[in-house]
Amino acid sequence: MTPEILDTTLEGVKIIRLPILWDERGYFFEVYSREVWHDLGIDLEVKQLSQSRSNRNVVRGLHFQDNPPMGKAIRCLHGLACLGFADVRPNSETFGKTFAYTSGNPSTLIWAPPGVAVGFAAWEGETVIEYLCSAEYHPS
């Protein structure tokens, strides 16, 4: 089963809905396969996997990394969050534009390519966000 991929209003930012296999025991889904994502047009080699937990009404500001460039696939593992994206790529057709997506579904990811800033607001207590990153974090 192939993930469903949807375009957003920002160039290169994609919503990825993963197929879920259900049976009497529960469910299973494949979060990431480099080959499958590449076939969908997303070239993500995961170099870092990060997670944050936030209390209700916490806002995590927009962040991005340009040296080295870091793309992120983001998903809400638990709780409910409004994920926000801002295109800060000067040569992008959607430079300066924003996009928001409310998620509480761990089988839905949003791909933000390098140069797209990401943030979120936790709308429920104990909201957990996971980031599959294309580069390792560098504080500079």
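Residues numbered from 1 in each chain as written. Predicted model: local features only at pLDDT ≥ 70, side-chain atom pairs only at ≥ 80, totals over all residues. Heavy atoms only, no water.

1. Quick look at the overall build of the protein
Thinking step 1. Along the backbone of the protein there are one helix and 12 strands.
Thinking step 2. Ordered by position from the N terminus, the helices and strands of the protein form the series β-β-β-β-α-β-β-β-β-β-β-β-β.
Thinking step 3. Taking 140 residues into account, the globule formula puts the C-alpha radius of gyration at 14 Å, and the protein, at 15 Å, falls close to it.
Thinking step 4. Counting over 140 residues, the protein shows a buried share of 43%.
Thinking step 5. If you take every contact in the protein between residues at least 6 apart in sequence, the share linking residues at least 24 apart comes to 75%.
Thinking step 6. Between the averaged position of the 12 positive side-chain charges in the protein and that of its 17 negative side-chain charges there is a distance of 7 Å. (Helix = DSSP H or I, 4+ residues; strand = E, 2+ residues; numbered from the N terminus. Rg over C-alpha atoms; globule rule 2.2 N^0.38 Å. Buried < 20%, exposed > 50% of the residue type's maximum accessible area, 1.4 Å probe, protein only. Contact = heavy atoms within 4.5 Å. Lys, Arg positive; Asp, Glu negative; His and termini not counted. Charge placed at Lys NZ, Arg CZ, Asp CG, Glu CD.)

2. A few points about the pattern of salt bridges
Thinking step 1. Overall, the coordinates contain seven salt bridges when judged by the stated rule.
Thinking step 2. Close ionic contact of Glu4 with Arg17 constitutes a salt bridge, the shortest N to O distance being 3.7 Å. Of this pair, Glu4 sits in strand 1 (residues 4–7) while Arg17 sits in strand 2 (residues 14–17), placing them 13 residues apart in sequence.
Thinking step 3. For Glu4, a relative accessible area of 39% gives the class partly exposed. (Salt bridge = Lys/Arg side-chain N within 4 Å of Asp/Glu carboxyl O.)

3. What about the sheet that holds strand 11 (residues 116–122)?
Thinking step 1. As summarised here, the arrangement of the four strands in space is 6-11-8-9, forming an open sheet in which the pairing is antiparallel. Of all strands in the sheet, those bounded by a partner on one side alone are strand 6 (59–63) and strand 9 (98–103). Neighbour-to-neighbour, the strand axes of this sheet turn through a mean angle of 15 degrees, independent of strand direction.
Thinking step 2. As defined by bridge partners, strand 6 adjoins strand 11 across three bridges and the pair is classed as antiparallel. Residue Val59 lies in a different strand from strand 11, and its bridge partner there is Ala121. (Pairing = 2+ DSSP bridges. Axes fitted to C-alpha atoms, helices over the stretch in contact; angles between N-to-C directions.)

4. Some points on the nonpolar core
Thinking step 1. One finds Ile74, Leu83, Phe85, Phe99, Ile110, Phe120 and Ile129 to be the most contacted residues of the largest nonpolar core, which totals 21 residues.
Thinking step 2. Looking at this core, the elements that each hand over two or more residues are strand 7 (72–78), strand 8 (81–87), strand 9, strand 10 (108–112), strand 11 and strand 12 (127–133).
Thinking step 3. If you tally residues by element for this core, the top one is strand 11, at four residues.
Thinking step 4. Residue contacts for Leu83: discarding those within four places in its chain leaves Ile74, Phe99, Ala100, Tyr101, Ser103, Ile110, Gly119, Phe120 and Ile129.
Thinking step 5. Counting 10 residues, the second-largest nonpolar core is a separate cluster that includes Ile16, Ile42, Leu109 and Trp111. (Core = buried A, V, L, I, M, F, W, Y, C linked by side-chain atoms within 4.5 Å.)

5. Let's talk about the pairing of strand 11
Thinking step 1. With respect to burial, strand 11 is a largely interior element, seven of its seven residues being buried.
Thinking step 2. Residues Val116, Val118, Phe120 and Ala122 line one face of strand 11 and the alternating positions Ala117, Gly119 and Ala121 line the opposite face, and both faces are buried.
Thinking step 3. In the sheet, strand 8 pairs with strand 11 via seven bridges, with the strands oriented antiparallel. Directly across from Leu83, in strand 11, lies its bridge partner Phe120.

6. Details of the environment of Ile129
Thinking step 1. Relative to the helices and strands, Ile129 is located in strand 12.
Thinking step 2. Along the chain, Ile129 and Ala81 lie 48 residues apart, while their C-alpha atoms are 8.3 Å from each other.
Thinking step 3. Those residues in contact with Ile129 that sit more than four places away from it in its chain are Ser50, Gln51, Ser52, Ile74, Arg75, Cys76, Ala81, Leu83 and Phe120.

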